[in-house]
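# Analysis of the macromolecular model
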Amino acid sequence: MSQTADQPNVEQAPGDVPPHRYTPALAQRIELAWQDRWAAEGTFHTPNPVGRLSAGFERVADRPKYFAMDMFPYPSGAGLHVGHPLGYLGTDVTSRFRRMDGDNVLHPMGYDAFGLPAEQYAVQTGQHPRITTEANIAAIRAQLRRLGVDHDDRRSFATIDPAYYKWTQWIFLQIFGSWFDADAGRARRIEELVAELDAGTREPGEGTNPYDRPWAVLGAAERGVVVDAHRLAYLHEAPVNWCPGLGTVLSNEEVTPDGRSERGNFPVFRRPLKQWMMRITAYADRLLDDLDRLDWSDSLKLMQRNWIGRSTGARIRFAAGAVGRPGGAAETIEVFTTRPDTLFGATYMVLAPEHPLVEALTADAWPEGADPRWTGGLATPAEAVRAYQRQASRRSELDRQDAGREKTGVWLGVTAVNPVDGRELPVFIADYVLTGYGTGAIMAVPGEDQRDWDFARAFGLGIVPTVERPAGFDDSSGAYTGPGRMINSSNEEISLDGLDKATAIATVTDWLVRRGAGEATTTYKLRDWLFSRQRYWGEPFPIVYDEHDRPVAVPESLLPVLLPEVDDYSPKTFSDDDADSAPEPPLSRATEWTTVELDLGDGVQKYRRETNTMPNWAGSCWYYLRYLDPGDDTQMVDPELERYWMGPRGEGDVGGVDLYVGGVEHAVLHLLYARFWHKVLHDLGYVSSEEPFRRLVNQGYISAYAYTDERGFYVPAADVEEKDGRFFYEGEPVNREYGKIGKSLKNMVTPDEMIGAYGADTFRVYEMSTGPLEQSRPWETKAVVGSQRLLQRIWRVVVDEQTGAVRASDAEPAEETLRALHKAIDGVRDGYATLRFNIAIARITELTNHLTQVHGADTPVSRAVAEPLVLLVAPLAPHLAEELWSRLGHDESTAWTPFPQADERWLVEDTVQVAVQVNGKVRSQVTVPAGADAAALEAAARADEKIAGYLEGATIRRVVAVPGRLVNFVLG
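Here the structure is a predicted model, which means the values were calculated and not measured. (Residues numbered from 1 in each chain as written. Predicted model: local features only at pLDDT ≥ 70, side-chain atom pairs only at ≥ 80, totals over all residues. Heavy atoms only, no water.)

The four strands are arranged 30-29-32-31 in an open sheet whose pairing can be described as mixed. The open sheet has two free edges, formed respectively by strand 30 (921-929) and strand 31 (956-962), since each of these has just one partner strand. Across this sheet, the average inter-strand angle for adjacent strands is 20°, counted without regard to direction. Bridge analysis of strand 29 (residues 911-918) against strand 30 gives eight bridges, and the strand direction is antiparallel. Bridge assignment links V916 to a residue of strand 30, and that residue is S924. Contacts from helix 28 (residues 934-943) reach strand 29, strand 30, strand 31 and strand 32 (966-971) within the one sheet, and its direction differs from that of strand 32 by about 65°. (Pairing = 2+ DSSP bridges. Helix = DSSP H or I, 4+ residues; strand = E, 2+ residues; numbered from the N terminus. Axes fitted to C-alpha atoms, helices over the stretch in contact; angles between N-to-C directions. Contact = heavy atoms within 4.5 Å.)

See below:
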């Protein structure tokens, strides 16, 4: 195996190695033995205060609780590489330290097991995805056990377990059975809404009653439609990324910038489909405002704020289509803008190609003299619009938002009226405007917006500046986006000229409101959560459809709704360019399952099941709650357990998991979705905590060398050879680069390899020594030997390498050693508490080096120092520590042994170094007793040879002596 590929390459020990040296072989034996003992004795079984897992709680009842967990892994066939354990080991070291320091620690692990990779493998092989997934889970569970992590194995589960997804389905039903009361600012039961509508104390919400008749006169079916429109989980026809070649809808992340599927490179089309949605937008303000109450990094909070994207501005209405269409009937285009002050600079309007008004506004014919740049070269507006919509449907949202891409679009053949000056503005569709942002329509102000400026230049449209430019600004070079007073912004009723931005916004918004042309409003970038997937391997929806095709909740008594067995796991695929095709999920072919007879209160009737499945996000939205007792088959979570492990600590506290560690790649969607679900559960009274994760830490990445061939394809790093400073794979030259360790870069190093070569404890110490948890770091296998040697030195402090006997003595340690010990205890404590495990290792190394230098190979170390050293290293190298602790005569595990406390008296230095200045410039340093007064400082400074030379023959005008800090001689 090539050392260039940075794989384990351990030198063989010489034949004269002492028989009891801590070698990789001995480490293996020790580690496996202690892992078996931990499992047999249930060392890490954490007791609950009540319920099924409460045995032994009396011994921890007076301890504070501490709940630490990781973002659980997806069980892929590749297993873990050395980058994965960085976070897992960080929480493990923390949980071990907190347990030793007096906390009742919960540290569980589960598996996020629904998802596309297992389904793809099932499609290719015909093997049920459960078989593949469970085998992968078993492999990763074995890897984690071999790492020595202290998970409570009784609390482990996978999201694919029916006993787990029963409660995922149950939570969906709670969301489906709820609505958001904007007046109360929280979710309420849908039955409460119906009661208020029946009583006449509430009217249907805006946009929820399509019948234009009062609730009281609506029929039962009509009332059902109105109620469904209020639900937090609802059906909606939304634009999606439809890939006929794969037969499924794709997320934005699964679509390439050129509008093709990441998997298979098939064309992807934007088209409307009826899908399940989650009304996460109702919680936008709470999701945003509660970030201030969380112990998260500023950068992570900023990512969430940007995703939610709250903006304040004005909603403005433009009458459109009266000119250019038969009969002159006008439609109303609404736009949201944060800059209503620039309304006088609007010279055209743009709708997203998917905007619902496009068809209604499209003219029958081009007006005479239509600019050929606006028509797309087609004979009628309808032809031009259809062609452009098809073109836009092939582009991903990411590509459409690319500011540098050439602007394209077509005119609808109609105009809209600018409400402030009555000018007619041509109305276009263009793909740089997206349906999902704002209202899906913009007023284009090319003078102050660069995208609008680019479009205006490409289509020969006017540009009216409304913000005063600085001297020398060239309007032909682009839009002006800087500050300035308003210009060119007045009519007979209002003038913004000369006003600053804030005053102009307030003035024009007030004018629009008085004219009925707009209102002040707040909008969000956040969109409702698309919750349907046309896949097999996911949670079935607990929903059936009645004869009117309305969704009906499956009774809780019939949960879980199990996935049926199918012969083919792939959705129906279509011709690559069949944009008009529709999804046919794999479950739609399970005909015996899709139709069911149920008695839901009106007698036995036939119902049709939902054939989409939930996204894999569903199971990861609430798994932290299930860790509290995964065997409870009567409720999602016992409220008493939730209050104990996650409840608020006091007034204003949001509660939640005490430490949550995971990759920054989940900084937005997973966290937003989990926070949304948790807030709904809080509103409905199921949990006392307002947030799921009180403290969140993103661990860094581990990077290593990767290699690409002449085609740019990655080749296995382990098989690359270095010759004369160049790199070769199978005899052909390759290029070396640095990248995040992973399967895609083919530069994986597995924990199994490292443990086999060095032992788990050495691997643990190396990973934790390379920097603070949040910091990314390089992987260098050759450097692991330094961690191995540290553990060998710690072993030698306690064990004689020749005889295997314990070397610790009962002698009192010297003061110098006590000072080194307590300094180490203080530093190690701080390192563990702040997740700077590298600092803890550095302090342990300093203490070990001190003991090695002072005692050498022949003088035993005092037990009063050796035992604390073993406990200091226990969270990092638990197997080594357990073995040494046992050999020192202790029966109990280090896991439950109190962590050492530093004695303050030994942290005070006996002596200090003080700077000596002459006329304010440092000329020397002297060492004095820590409590030396000003006179003693001056005397020591005068005795220093360097200072004596400066003072000889000089006139000393003044002496400034500050105890513990400095002495300054001011010479005349």
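Viewed as axis vectors pointing N to C, helix 23 (residues 784-798) and helix 27 (residues 878-887) meet at an angle of 5°, and their least axial separation amounts to 10 Å. By the angle between their axes, helix 23 is roughly parallel relative to helix 27. Here L791, I794, W795 and V798 of helix 23 come into contact with helix 27, specifically with L880, E883, L884 and R887. (Parallel < 35°, antiparallel > 145°, perpendicular 65-115°, else oblique.)

One open sheet accounts for four strands, arranged 2-1-20-21; its pairing is parallel. With partners counted over all chains shown, the strands left at the sheet margins are strand 2 (104-106) and strand 21 (696-698), one partner each. Sheet twist, expressed as the mean angle between neighbouring strand axes with direction ignored, is 20°. Relative to strand 2, strand 1 (residues 65-70) runs parallel, the two sharing three bridges. Each residue of the ladder has a partner; that of F67, found in strand 2, is L106. Together, strand 1, strand 2 and strand 20 (659-662) form the strand contacts of helix 2 (residues 85-100), whose direction differs from that of strand 1 by roughly 170°.

On to helix 9 (residues 298-308). Of all the positions in helix 9, only L300, K301, Q304 and I308 are classed as buried. End-on view of helix 9: buried residues confined to an arc of 100°, all on one side of the axis. On its buried side, helix 9 packs onto helix 8 (284-289), helix 20 (669-683) and strand 21. G309 sits one or two residues past helix 9 and shows a positive phi near 60°. (Buried < 20%, exposed > 50% of the residue type's maximum accessible area, 1.4 Å probe, protein only. Arc of directions from axis to C-beta.)

Here the focus is helix 6 (residues 190-199). Considered for burial, the residues of helix 6 that qualify are I190, L193, E196 and L197. For helix 6, the arc enclosing every buried residue in end-on projection is 120°, short of the 170-degree limit, so these residues lie on one face. Turned more than 90 degrees off the buried face of helix 6, the exposed positions are E191 and A199. Check the buried side of helix 6 and you find it contacts strand 3 (178-181), strand 4 (186-189) and helix 7 (220-228). Taken from the residues just after helix 6, G200 is the one with a positive phi, measuring 80°.

With that out of the way, let us pick up unusual backbone geometry. For the peptide bond that leads from L559 to P560, omega is 0°, which places it in the cis range. Here P560 is to be found in the loop between strand 17 (551-553) and helix 16 (591-594). One non-glycine residue, D212, adopts positive backbone phi at about 55°. Along the chain, D212 turns up in the loop between helix 6 and helix 7.

Residues F172, F531, W677, W779 and Y832 are the most contacted members of the largest nonpolar core, which totals 178 residues. In terms of nonpolar packing, the next biggest core, distinct from the first, is built from 56 residues, M349, A352, F428 and Y480 among them. (Core = buried A, V, L, I, M, F, W, Y, C linked by side-chain atoms within 4.5 Å.)

A few words on the side chain of K301. Here K301 lies in helix 9. Despite its burial, K301 remains without a salt bridge, the nearest opposite charge being carried by D298 at 5.0 Å. In this structure, K301 is in contact with L291, D292, L294 and W296, ignoring residues within four places of it in sequence. (Lys, Arg positive; Asp, Glu negative; His and termini not counted. Salt bridge = Lys/Arg side-chain N within 4 Å of Asp/Glu carboxyl O.)

Following the sequence through the fold, T503 ends up in helix 15 (residues 501-515). Owing to a relative accessible area of 33%, T503 belongs among the partly exposed residues under this scheme. Each C-alpha atom, one on T503 and one on M486, is 10.0 Å from the other, the two residues being 17 residues apart in sequence.

On to the packing of aromatic side chains, then. Applying the stated criterion across every chain yields a total of 51 aromatic pairs. A ring pair is formed by F455 and F459, whose centres lie 4.2 Å apart and whose planes are at 15°; its orientation type is stacked. On the criterion of helical spacing, the pair formed by F455 and F459 is a turn pair, its members being four residues apart in helix 14 (residues 450-459). In this structure, F455 and F459 share a single accessibility class: buried. With 6.5 Å between their ring centres and 70° between their planes, Y623 and Y624 make a pair best called edge-to-face. Note on accessibility: Y623 and Y624 belong to one class, buried. Through pairs of rings, three or more aromatic residues link up here, namely F72, F157, Y164, W622, Y623, Y624, Y627, Y660 and F693. (Phe/Tyr/Trp six-rings, centres within 6.5 Å; stacked < 30°, edge-to-face > 60°.)

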